Amino acid sequence: MPYSAEISRAKPTAFCFLIDQSGSMDDPYGMDSGKRKCDAVADAVNRLIATLVLRCAKGEDVRDYFQIAVIGYGGAVRTGFGGQLAGRQFVPISEVADNPLRVETRARKEDDGTGGLIERQVRFPVWFEPMANGNTPMVAAVEEAHQIVKAWTELYPLSYPPSIINISDGEPTDGSPRPATDKLKSLGTNDGKALLFNIHLSGVAKRPVEFPDTQLGLPDEYAQMLFEISSVLPPKLRDEARREGFTTTESSRGFAFNADLRSLVQFLDIGTRTADLR
């Protein structure tokens, strides 16, 4: 059965994030969040990386079940990691855990057990910085992802296939991404083809759509195109999404439109869930 390979240190899986860093990502995110799109996406990606680290933690150790790559594209295509990880492609999760750019102290509201909220200070590691500048070379970013994912699948042919998550708010400025994404999705391991997820952060005031099974209801040609190039969810991820309260069918795709911040984090989390770790 595809997408069922056991994940271990000998047979890790990989996650590659493609992050739009074009000038339009400086625009406000949603109606009431008070954040720019680039800030909201950076927070969501950093929170997810921290979650991936926790999934691999065994006692004092972080075991290398996952490898992470981050590619930013705005004006040009660049490695999204900085500091000690600058210039790296897929990085073992233990090295990611050991090398955040910094650890911030942030306030988080929690239930006080009596129906109210209390504010608690928490540590928030930062690996990925927000950026918003230039045009949107999405095709070039997908082609860069193809190169590193291809090399990864050749190293780990028996592993759970890699997942690529693309987050963007605008139309590509370097042509249609369809041919490049078709090539990317043709890569894979013995356990299945690479999975491509797309998140469209639209400025249009339309209701959010998550894991749709049709392009009907999507407001424009670009959103419809991103839906079409997204992978159909494997059964396990489809079930995970359903358990989180999303409606899914056998034709649901890894696509989200206008997701609010909570749904964005949920979508990213579901998109990175895999088979059991050993």
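**Re empty space enclosed by the protein**
No. 1: In this structure the tally under the stated criterion is 1 cavity of 30 Å³ or more.
No. 2: Computed from the structure, the largest cavity encloses a volume of approximately 40 Å³.
No. 3: What lines the largest cavity is simply Ile19, Asp20, Gln21, Met25, Cys38, Val41, Ala42, Phe128, Glu129, Pro130 and Met131.
No. 4: Sorting the residues of the lining of the largest cavity by element identifies strand E1 (13-20) and helix H1 (37-55) as the ones contributing at least two each.
No. 5: Counting residues per element, the lining of the largest cavity draws most heavily on H1, which supplies 3 residues.

**Considerations on the side chain of Asp269**
No. 1: For Asp269, the position within the fold is in helix H7 (residues 261-271).
No. 2: Engagement of the side chain of Asp269 in a polar contact is seen with the side chain of Arg55, the distance being 2.2 Å.
No. 3: A distance of 2.5 Å separates the side chain of Asp269 from the side chain of Arg273, its partner in a polar contact.
No. 4: Among residues more than four places away in sequence, those in contact with Asp269 are Leu48, Thr51 and Arg55.

**With respect to the pattern of salt bridges**
No. 1: Tallied over the full model, the rule gives 16 salt bridges.
No. 2: Two residues, Arg36 and Asp26, come together in a salt bridge whose shortest N-O distance is 2.6 Å. Of this pair, Arg36 sits in the loop between E1 and H1 while Asp26 sits in the loop between E1 and H1, placing them 10 residues apart in sequence.
No. 3: Under the relative-accessibility criterion, Asp26 is labelled partly exposed at 38%.
No. 4: The shortest N-O distance in the salt bridge between Arg102 and Glu129 comes to 2.6 Å.

**A few points about the packing of helix H3 (residues 138-155) against helix H4 (residues 178-186)**
No. 1: At a closest axis distance of 9 Å, the pairing of H3 and H4 adopts a crossing angle of 15°. Accordingly, the angle class assigned to the pair H3 and H4 is roughly parallel. Between H3 and H4 lies a crossing whose hand is left-handed. The residues of H4 that touch H3, namely those facing Val139, Val142, Glu143, Ala145, His146 and Val149, are Ala180, Thr181, Lys183 and Leu184.
No. 2: Of the residues that constitute the contact of H3 with H4, the class distribution is 6 nonpolar, 2 polar and 2 charged.

**Details of the environment of Val265**
No. 1: Note on placement: Val265 falls in helix H7.
No. 2: In this structure the C-alpha to C-alpha distance between Val265 and Lys193, which are 72 residues apart in sequence, comes to 24 Å.
No. 3: Not counting chain neighbours up to four residues away, the residues in contact with Val265 comprise Ala44 and Arg47.

**Digging into H4**
No. 1: The complete set of buried residues in H4 reads Ala180, Thr181, Leu184 and Lys185. Around the axis of H4, the buried residues are gathered within 130° of arc, so they sit on the same side. Among the exposed residues of H4, those oriented more than 90 degrees off its buried face are Pro179 and Lys183.
No. 2: Tucked into the core, H4 has its buried residues touching H3, strand E9 (163-168), strand E11 (192-193), strand E12 (195-200) and helix H5 (221-229).

**Overview of the nonpolar core**
No. 1: Within the largest apolar cluster, 48 residues are counted, with the highest numbers of intra-cluster contacts made by Phe17, Ile68, Phe81, Val96, Ile167, Ile199 and Leu268.
No. 2: Secondary-structure elements contributing two or more residues to this core are E1, H1, strand E4 (66-74), helix H2 (93-98), E9, E12, helix H6 (235-243) and H7.
No. 3: If you tally residues by element for this core, the top one is H1, at 10 residues.
No. 4: Ignoring any residue separated from it by four or fewer positions in sequence, one finds Ile68 in contact with Phe15, Phe17, Leu52, Phe81, Gln89, Phe90, Val91, Ile93 and Val96.
No. 5: Core analysis: the next-biggest nonpolar cluster, separate from the first, contains 31 residues, Trp152, Ala180, Leu196 and Phe257 among them.

Rules and cut-offs
Residues numbered from 1 in each chain as written. Predicted model: local features only at pLDDT ≥ 70, side-chain atom pairs only at ≥ 80, totals over all residues. Heavy atoms only, no water. 1 Å grid on protein atoms, 1.4 Å probe; cavity = no way out; pocket = protein on both sides within 12 Å on 5 of 7 lines; lining within 4 Å. Points joined across faces, edges and corners; volume = space filled by probe spheres on them. Helix = DSSP H or I, 4+ residues; strand = E, 2+ residues; numbered from the N terminus. Polar contact = N/O pair within 3.5 Å; in protein donor to acceptor, adjacent residues only side chain to side chain. Contact = heavy atoms within 4.5 Å. Salt bridge = Lys/Arg side-chain N within 4 Å of Asp/Glu carboxyl O. Buried < 20%, exposed > 50% of the residue type's maximum accessible area, 1.4 Å probe, protein only. Axes fitted to C-alpha atoms, helices over the stretch in contact; angles between N-to-C directions. Parallel < 35°, antiparallel > 145°, perpendicular 65-115°, else oblique. Left-handed = near helix turned anticlockwise from the far one by under 90°. Nonpolar A, V, L, I, M, F, W, Y, C, P; charged D, E, K, R; others polar. Arc of directions from axis to C-beta. Core = buried A, V, L, I, M, F, W, Y, C linked by side-chain atoms within 4.5 Å.

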